[in-house]
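Below are the chains, spelled out letter by letter.
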Amino acid sequence: MTAPAPSQTPAAQRLEDIVLRMEKAARRIEGLAVPKLIAVSKTFGTDAIEPLLAAGQRDFGENRVQEAQRKWPALKAAYPDARLHLIGPLQTNKARDAVALFDVIHSLDREKLAKILANEMAAQGRKLPCFVQVNIGGEEQKAGVAVSETVQFVGRCREAYGLEIAGLMCIPPVEEAPGPYFAQLAQLAADAGVSGLSMGMSADFETAILMGASHVRVGSALFGARDGH
Ligand SMILES: *Cc1c(COP(=O)(O)O)cnc(C)c1O
């Protein structure tokens, strides 16, 4: 008997498998905590998301504000304790909508955005924890603050703008082994005095857990392959 392809397996079953793999990875090193699982539901509709909510999953990630606005108000009304994480780039003109809908921002990557987010949070009376996204591989096409500027940027977000910086986030270069990049992000977080580490996706979340991830962002391993993404 061959195992069914992921897209044919019920979502709740896939969720259980991922959680088991996370627990197994965390057990490999004494003192490691099982991180929070963020189910990345970008490109998937509410029909795909509901079964995971019904199975008890509460943290979800979306990478586009407008797409999340179409999907999440109804889901959040049905599941008021669901938490929505913005994991994609944020344009300053979407900051107001993002602060209103999301609960955590993982893509804080420039001073102008820090300033506008701080203003929006004050205006709306909502304080969202933020992760500073680091361009850990120094890749031209990728978002994120430079490694060499991360400690200073975290300090500035806290002191100049009063933001709650929960930790650092990264997406390592696709073609390379992620472990050393995760280790470097962990070191940077220690240097910056923040504890959260948002790192690890479907292909590498176990490695990220071994390097101390506090949040893993898993999409395709839960929802199946995305078309055109
Ligand atoms: C899409 C996405 C993920 C999830 O990727 P998978 O490989 O499908 O698990 C995680 N993080 C970010 C920032 C993403 O855009």
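Up top is the structure these notes are about.
This write-up is about the structure you can find in this document. Since the structure is predicted, the reported quantities are computational estimates derived from the model, not experimental observations.

As for the overall build of the protein
Moving on, step 1. Helix and strand content of the protein: nine helices and eight strands.
Moving on, step 2. Taken against the 2.2 N^0.38 rule, which gives 17 Å for 229 residues, the C-alpha radius of gyration of the protein at 17 Å falls within 12% of a compact globule.
Moving on, step 3. Counting every position in the protein, which comprises 229 residues, the buried fraction comes to 48%.
Moving on, step 4. Counted over contacts in the protein with a minimum sequence separation of 6, partners at least 24 positions apart contribute 59%.
Moving on, step 5. By element, 50% of the accessible surface of the protein is carried by carbon and sulfur atoms, the whole surface being about 11,100 Å².

A few points about the packing of helix α2 (residues 46–54) against helix α3 (residues 65–78)
A pair of packed helices is captured by two measures, namely the crossing angle of their axes and the spacing between those axes.
Moving on, step 1. Relative orientation of the contacting elements α2 and α3 amounts to 35 degrees, with a least axis distance of 11 Å. In terms of crossing hand, the pair formed by α2 and α3 is right-handed. Where α2 approaches α3, its residues Thr46, Ile49, Glu50 and Leu53 are matched on the opposing element by Lys71, Trp72 and Leu75.
Moving on, step 2. Residues of the contact of α2 with α3, tallied by class, amount to four nonpolar, one polar and two charged.

Describing the pairing of strand β6 (residues 165–170)
Moving on, step 1. Taken across its six residues, β6 has five buried, putting it largely inside the fold.
Moving on, step 2. Inspection of the sheet shows strand β5 (residues 130–134) paired to β6 by five bridges, in the parallel sense. Across the sheet, the residue bridging to Phe131 is Gly167, located in β6.
Moving on, step 3. Pairing of β6 with strand β7 (residues 196–198), which is carried by three bridges, proceeds in the parallel orientation.

So, the pattern of salt bridges
Moving on, step 1. Overall, the coordinates contain 12 salt bridges when judged by the stated rule.
Moving on, step 2. Between Asp59 and Lys36 there is a salt bridge, with its nearest N and O atoms 3.7 Å apart. You can see Asp59 sitting in strand β2 (residues 59–62) and its partner Lys36 sitting in strand β1 (residues 36–40), a full 23 residues away along the chain.
Moving on, step 3. The buried category is assigned to Asp59, whose relative accessible area is 4%.
Moving on, step 4. Look at Lys36 and you get partly exposed, because its relative accessible area is 35%.

Details of the packing of aromatic side chains
Moving on, step 1. One pass over the full model with this rule turns up two aromatic pairs.
Moving on, step 2. Consider the rings of Phe44 and Phe223, whose centres lie 5.2 Å apart with planes at 20 degrees: the pair is stacked. A residue pair is termed long-range when its members are at least 10 positions apart, and Phe44 in the loop between β1 and α2 and Phe223 in helix α9 (residues 220–223) qualify at 179 residues. Of the two residues examined, Phe44 and Phe223, each falls in the buried class.

As for the site of the ligand
Moving on, step 1. Around the ligand, the structure places Val40, Lys42, Ile87, Met169, Ile171, Met201, Ser202, Arg217, Val218, Gly219, Ser220 and Arg226.
Moving on, step 2. A distance of 2.8 Å separates an oxygen atom of the ligand from a polar atom in the backbone of Ser220.
Moving on, step 3. Side-chain polar atom of Arg226 to an oxygen atom of the ligand: 2.7 Å apart, as the coordinates give it.
Moving on, step 4. Compared with its free state, where it exposes 390 Å², the ligand has 88% of that area covered by protein.
Moving on, step 5. Residues of the shell around the ligand, tallied by class, amount to six nonpolar, three polar and three charged.

Basis of the calculations
Residues numbered from 1 in each chain as written. Predicted model: local features only at pLDDT ≥ 70, side-chain atom pairs only at ≥ 80, totals over all residues. Heavy atoms only, no water. Helix = DSSP H or I, 4+ residues; strand = E, 2+ residues; numbered from the N terminus. Rg over C-alpha atoms; globule rule 2.2 N^0.38 Å. Buried < 20%, exposed > 50% of the residue type's maximum accessible area, 1.4 Å probe, protein only. Contact = heavy atoms within 4.5 Å. Areas by Shrake-Rupley, 256 points an atom, 1.4 Å probe, with all protein chains shown as cover. Axes fitted to C-alpha atoms, helices over the stretch in contact; angles between N-to-C directions. Left-handed = near helix turned anticlockwise from the far one by under 90°. Nonpolar A, V, L, I, M, F, W, Y, C, P; charged D, E, K, R; others polar. Pairing = 2+ DSSP bridges. Salt bridge = Lys/Arg side-chain N within 4 Å of Asp/Glu carboxyl O. Phe/Tyr/Trp six-rings, centres within 6.5 Å; stacked < 30°, edge-to-face > 60°. Near = heavy atom within 4 Å. Polar contact = N/O pair within 3.5 Å; in protein donor to acceptor, adjacent residues only side chain to side chain.

Honestly, it's all geometry; don't read function into it.
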